[in-house]
Amino acid sequence: MRLIIDCDPGNGIAGANIDDGLALALAIAAPQISLELISTVSGNTPSEIGYSVAKSLLQRLGENIPVLRGASQGLLEPMKVWREKLDHSVDQNGLRDLWKEVVPPEQFPLVTSSAVHGIGELVCQNPGEITLVAIGPLTNVANVMQLYPKFTESIAEIVIMGGVFDVPGYQKDTNFGIDPEAAHIVLTSGANITLVPMDVTTQTQMLHSDLDYLATFNNPLCEFLVETIRPWMNYSMRTRGLAGCWIHDALTVAWLIDKTIVTSTQNYVDVVLEGAKRGMTILYEPELSLLNVNPNINRKPVTILKTVDSARFLSIIFHYIRNY
């Protein structure tokens, strides 16, 4: 399976989530996946930080996969409030010390933003062959759709981690909240889409005992994950009251490896663009919908993951990463 992962990785960055790094690790380790391109977008981390995180991981592993930096901000949504929340919560919570023993990723010189062209050309030159895993805000993907008219029919599938329907305490998720317009463009594009919302990813959990298990294997991927996930897990336990941490993004890749670990449904999905509910994910019936009057919108149902067998999900991660 030929894959592009568009992401916002934060492994090793104080206060940043580690689930993108785990998704990348699983895609790199699974022999049935050919990870051909990694692109970064501003979300969990700014796009230039995510770029350095991804490059550092590949350098550590001796892997040669192209990494391209993408959008630094959403199409319309101001980034300042989001960056304040995402980049400074660790200090507001007084928990930066959790990362004191983690070596931060090396700073790599920034290249011209080229993710959109890299994704568009790879997909359009290989119609029906490439799957795109989008686990950050959908800014890059929406930009590709607008610049490459044949992208939507050329992409085999887009697997999106984003959206939230009924998770207590979460009106909207970060990925759709940071760029509602991009999410709307992608969800109504008519592409073959599978949505992995927070409703299913919050059924996943990784514990310190899982990291202890990974630590028994002497390979650089296990070492990277144990080193960077531990502080985030402690942070998650302190700030979210969890027994460990959710591993949202990794489910997108595990599902591609074994689709029997989940249940799913199909429905029409969109994102609210105006008013107090801006950024919220909604289901709708196309014949009754007054949401969008744009006649060019391709109303097509998306596959939505509903439940996951968390033990089998973790066993997939362990199996591939320990054998890397």
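Rules used in this analysis
- Residues numbered from 1 in each chain as written.
- Predicted model: local features only at pLDDT ≥ 70, side-chain atom pairs only at ≥ 80, totals over all residues.
- Heavy atoms only, no water.
- Core = buried A, V, L, I, M, F, W, Y, C linked by side-chain atoms within 4.5 Å.
- Buried < 20%, exposed > 50% of the residue type's maximum accessible area, 1.4 Å probe, protein only.
- Helix = DSSP H or I, 4+ residues; strand = E, 2+ residues; numbered from the N terminus.
- Contact = heavy atoms within 4.5 Å.
- Phe/Tyr/Trp six-rings, centres within 6.5 Å; stacked < 30°, edge-to-face > 60°.
- Lys NZ or Arg CZ within 6 Å of the ring centre and 35° of its normal.
- Pairing = 2+ DSSP bridges.
- Axes fitted to C-alpha atoms, helices over the stretch in contact; angles between N-to-C directions.
- 1 Å grid on protein atoms, 1.4 Å probe; cavity = no way out; pocket = protein on both sides within 12 Å on 5 of 7 lines; lining within 4 Å.
- Points joined across faces, edges and corners; volume = space filled by probe spheres on them.
- Nonpolar A, V, L, I, M, F, W, Y, C, P; charged D, E, K, R; others polar.

Under an unreviewed UniProt entry, the chain has the name Nucleoside hydrolase and belongs to Xenorhabdus griffiniae.

A. Geometry of the nonpolar core. By size, the foremost hydrophobic cluster in this structure holds 70 residues, and its most contacted members are I5, M206, I317 and I321. If you tally residues by element for this core, the top one is helix α11 (residues 220–240), at 9 residues. Ignoring sequence-local partners within four residues, the contact set of I317 consists of L22, L26, M206, I247 and A250.

B. Region of interest: the packing of aromatic side chains. Taken as a whole and judged by the stated rule, the model has 6 aromatic pairs. A ring pair is formed by Y213 and F318, whose centres lie 5.3 Å apart and whose planes are at 65°; its orientation type is edge-to-face. Here the residue Y213 occupies a position in helix α10 (residues 208–214), and F318 occupies one in helix α13 (residues 310–322), the gap between them amounting to 105 residues. According to the relative accessible area criterion, F318 is buried, its value standing at 10%. Each residue in the set W99, W232 and Y235 is aromatic and connected to the rest through ring pairs, giving one cluster. Above the plane of the ring of W255 lies K259, whose end atom (NZ or CZ) is 4.4 Å from the centre.

C. Layout of the pairing of strand β7 (residues 262–271). Here 6 bridges tie β7 to strand β9 (residues 302–308), and the two strands are oriented antiparallel to one another. Residue pairing for β9: Q266 is matched across the bridge by T303. Both β7 and strand β8 (residues 281–284) contribute to a ladder of 4 bridges, which runs antiparallel. The residue of β8 that forms the bridge with Y268 is Y284.

D. Spotlight on the sheet that holds strand β4 (residues 130–134). Reading across the sheet, the 9 strands line up as β3-β2-β1-β4-β5-β6-β9-β7-β8 and stay open at both edges, with mixed pairing between neighbours. Every interior strand has two partners, whereas the edge strands, β3 (67–69) and β8, have only one. Strand after strand, the sheet turns through a mean of 30° between neighbouring axes, direction not considered.

E. Representation of the layout of surface pockets in the model. Volume-wise, the largest pocket comes out at about 750 Å³. Together, 31 residues line the largest pocket, and N17, L86, Y170, T174 and R240 are the ones closest to its centre. Of all the secondary-structure elements, those providing two or more residues to the lining of the largest pocket are α1 (19–29), α3 (80–92), α7 (174–178) and α11. A breakdown of the residues in the lining of the largest pocket according to their chemical character gives 11 nonpolar, 12 polar and 8 charged. There is about 190 Å³ of room inside the second largest pocket. I13, A14, G15, A16 and R96 are, among the 15 residues lining the second largest pocket, the residues nearest its centre. Its residues assigned to classes, the lining of the second largest pocket shows 9 nonpolar, 4 polar and 2 charged.

F. Quick look at the pairing of β9. With 5 of its 7 residues buried, β9 lies for the most part within the structure. Examined bridge by bridge, strand β6 (residues 193–196) and β9 share 2 bridges and lie parallel to one another. By the bridge assignment for β9, L195 is matched with I304.

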